[in-house]
Amino acid sequence: MDLEDVLNEERQYQLKMKSMQWGRSMNSDDISFDRYYEHDEINKYLDRLASSHKNVEVKVIGKSYEGRDIKVIKITNGDGIKKKNSIFIDAGIHAREWIAPATALYIVQQLLNDESTARILNNLDIIVNPVVNPDGYQYTHKKERLWRKTRSKNIPGCIGTDGNRNFDFHWGEVGASPVPCMETYRGSKAFSEKETQALRDAVDEIKDTCKFYLTLHSYGNYMLYPWGYTSKLPDTWKDLDYIAQIGASAIKNATGTTYTVGSSTNVLYAAAGGSDDYMFAIFNVPISITMELPGGGQNGFDMPASKIDDTVKESAIGIFAMIEAVGQKYN
């Protein structure tokens, strides 16, 4: 079976599962992990959570290039304390990495439905942006499954910018292309994209309390930390490595899956203008990590829907281990 046949089969499965769930009376918490959800479904799910949980707030942090709402969900324990330490998690900067938004949604679900997990909220507020790049994400559902970038217009015939090369810290340097048609196109300038502006502004609002920025990508089983623009390590690299190693070890001990830990440039490749470098350097978020989730399917990005549940549960083990460690370290 060639790649196009595989992708067509995936589309048919998605439609089948969606039609089976259509019309079902969905309460706020019964999202499933047997298929991938489209952007409007994700936003509606977040809104249902806000209407049914007093400790949940959903906010539109900006509009995408094509006018879609970019939403974050803030989860607290409901005690009303305003100055708790916070954690920010995002996913879906790269459109084709569907397992990343799925994992973000699973984290949200567990925080609201699992009492052993929810105790984390006694000391931390958690903000999640499940889909940073809704235009690109929706385009992968309807048009081109392996699309990576945003959908902003560049020169004729070249669409989109790589959001994870568009942040204003060593923007335009190594690993970021100046060519508009390239997948790693950096944009016409730093923060040229409405989507990266929205993410920047959302973290800016909590930068005084934010102790952990986690951005979810796929694929490759990596826990990566700054720097992405140089092989040199930041002065506090041991703090970053400590938290990343905790996440990797938790997954290894639970399932046997191995994650490689290290700075982006040294264990994967150099890529300047990334969100993790920016949050760490400009907003002084002390722990900033990119988690490259497992891959699947013929090209790595098209993990079969049958594997979603296992993957998000495994990934959550490492994520919650890191969250707890950050909570203890910066309590």
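Everything here concerns the structure above.
Model, not experiment: these values are computed from the prediction.

(A) Summary view of the packing of helix α3 (residues 99-113) against helix α10 (residues 308-329). Two elements in contact, α3 and α10, have axes separated by 9 Å at closest approach and are oriented at 65°. Seen along the crossing, α3 lies across α10 with a hand that is right-handed. In this structure, α3 contributes Ile99, Ala102, Thr103, Tyr106, Ile107, Gln110 and Leu111 to the contact, and α10 contributes Ile308, Thr311, Val312, Lys313, Ser315, Ala316, Ile319 and Phe320. For the contact of α3 with α10, a count of residues per class yields ten nonpolar, four polar and one charged.

(B) Representation of the packing of aromatic side chains in the model. According to the stated counting rule, one finds 14 aromatic pairs in the structure shown. A ring pair is formed by Trp98 and Tyr137, whose centres lie 6.3 Å apart and whose planes are at 65°; its orientation type is edge-to-face. Here Tyr137 lies in helix α5 (residues 134-142) and Trp98 lies in the loop between β3 (85-91) and α3, a separation of 39 residues in the sequence. Its relative accessible area of 2% is what places Trp98 among the buried residues. Between Tyr278 and Phe283 the ring centres are 5.2 Å apart and the planes differ by 80°, which places this aromatic pair in the edge-to-face class. An identical accessibility class is assigned to Tyr278 and Phe283; each is buried. Chaining the aromatic ring pairs together yields one cluster made of Phe167, Phe191, Tyr278 and Phe283. It is Arg145 that lies over the ring of Trp98; its NZ or CZ is 3.6 Å from the centre.

(C) Expanded view of the pairing of strand β5 (residues 210-218). Of all nine residues in β5, nine are buried; the element is thus mostly enclosed. In this structure, β3 lies alongside β5, joined through six bridges in parallel fashion. Residue pairing across strands places Ile89 opposite Leu214, the latter belonging to β5. Pairing of β5 with strand β8 (residues 287-293), which is carried by seven bridges, proceeds in the parallel orientation. Residue Thr215 lies in a different strand from β8, and its bridge partner there is Thr290.

(D) Inspection of the sheet that holds β8 at higher detail. Taken in spatial order, the eight strands of this open sheet run β1-β2-β4-β3-β5-β8-β6-β7, and their pairing is mixed. Two strands close off the open sheet at either side, each with one partner strand: β1 (56-63) and β7 (260-263). Going from strand to strand, the sheet's axes swing by 20° on average, the running direction of each strand aside. Here three bridges tie strand β6 (residues 222-225) to β8, and the two strands are oriented antiparallel to one another. The partner of Tyr222 across the bridge, within β8, is Glu292. Strand contacts of α3: β1, β2 (69-75), β3, β4 (124-129), β5 and β8, with the helix running at about 135° to β5, the strand carrying the most contacts. Each of β1, β2, β3, β4 and β5 is contacted by helix α6 (residues 194-204), which is oriented at about 140° to β1, the strand it contacts most.

(E) A look at the layout of surface pockets. The computed volume of the largest pocket comes to approximately 370 Å³. Lys74, Ile127, Ala202, Glu205 and Ile206 are, among the 18 residues lining the largest pocket, the residues nearest its centre. Of the residues contributing to the lining of the largest pocket, the split by class is seven nonpolar, two polar and nine charged.

(F) Structural context of empty space enclosed by the protein. Following the criterion strictly, the structure yields one cavity of 30 Å³ or more and no others. If you add up the space inside the largest cavity, you get close to 60 Å³. Lining the largest cavity are Phe33, Arg35, Tyr36, Tyr37, Ile42, Trp98, Pro101, Ala102, Leu105 and Tyr137. Here the lining of the largest cavity gets three residues from one element, more than from any other, and that element is α3. Classifying every residue of the lining of the largest cavity by side-chain character gives nine nonpolar, no polar and one charged.

(G) Examining the pattern of salt bridges more closely. Under the defined criterion, the tally for this structure stands at 16 salt bridges. Note that Asp47 and Lys71 form a salt bridge whose closest N and O atoms lie 2.6 Å from each other. Taken together, the residues span a long stretch of sequence, with Asp47 in helix α2 (residues 39-52) and Lys71 in strand β2 at a distance of 24 residues. Here Arg119 makes a salt bridge to Glu324, at a shortest N to O gap of 3.3 Å. On the criterion of sequence distance, the pair formed by Arg119 in the loop between α4 (115-118) and β4 and Glu324 in helix α10 is long-range, its members being 205 residues apart. Connected through shared salt-bridge partners, Glu66, Arg68 and Asp135 make up one network.

(H) A look at the environment of Lys313. Here Lys313 is to be found in helix α10. For the pair Lys313 and Trp227, spaced 86 residues apart in sequence, the C-alpha separation works out to 28 Å.

(I) Molecular detail of α2. The first and last C-alpha atoms of α2 sit 20 Å apart over 14 residues, in line with the 20 Å expected at 1.5 Å per residue. Within the span of α2, buried status applies to His39, Glu41, Ile42, Asn43, Tyr45, Leu46 and Leu49.

Thresholds, definitions, all that
Residues numbered from 1 in each chain as written. Predicted model: local features only at pLDDT ≥ 70, side-chain atom pairs only at ≥ 80, totals over all residues. Heavy atoms only, no water. Axes fitted to C-alpha atoms, helices over the stretch in contact; angles between N-to-C directions. Helix = DSSP H or I, 4+ residues; strand = E, 2+ residues; numbered from the N terminus. Left-handed = near helix turned anticlockwise from the far one by under 90°. Contact = heavy atoms within 4.5 Å. Nonpolar A, V, L, I, M, F, W, Y, C, P; charged D, E, K, R; others polar. Phe/Tyr/Trp six-rings, centres within 6.5 Å; stacked < 30°, edge-to-face > 60°. Buried < 20%, exposed > 50% of the residue type's maximum accessible area, 1.4 Å probe, protein only. Lys NZ or Arg CZ within 6 Å of the ring centre and 35° of its normal. Pairing = 2+ DSSP bridges. 1 Å grid on protein atoms, 1.4 Å probe; cavity = no way out; pocket = protein on both sides within 12 Å on 5 of 7 lines; lining within 4 Å. Points joined across faces, edges and corners; volume = space filled by probe spheres on them. Salt bridge = Lys/Arg side-chain N within 4 Å of Asp/Glu carboxyl O. Expected span 1.5 Å × (residues − 1).

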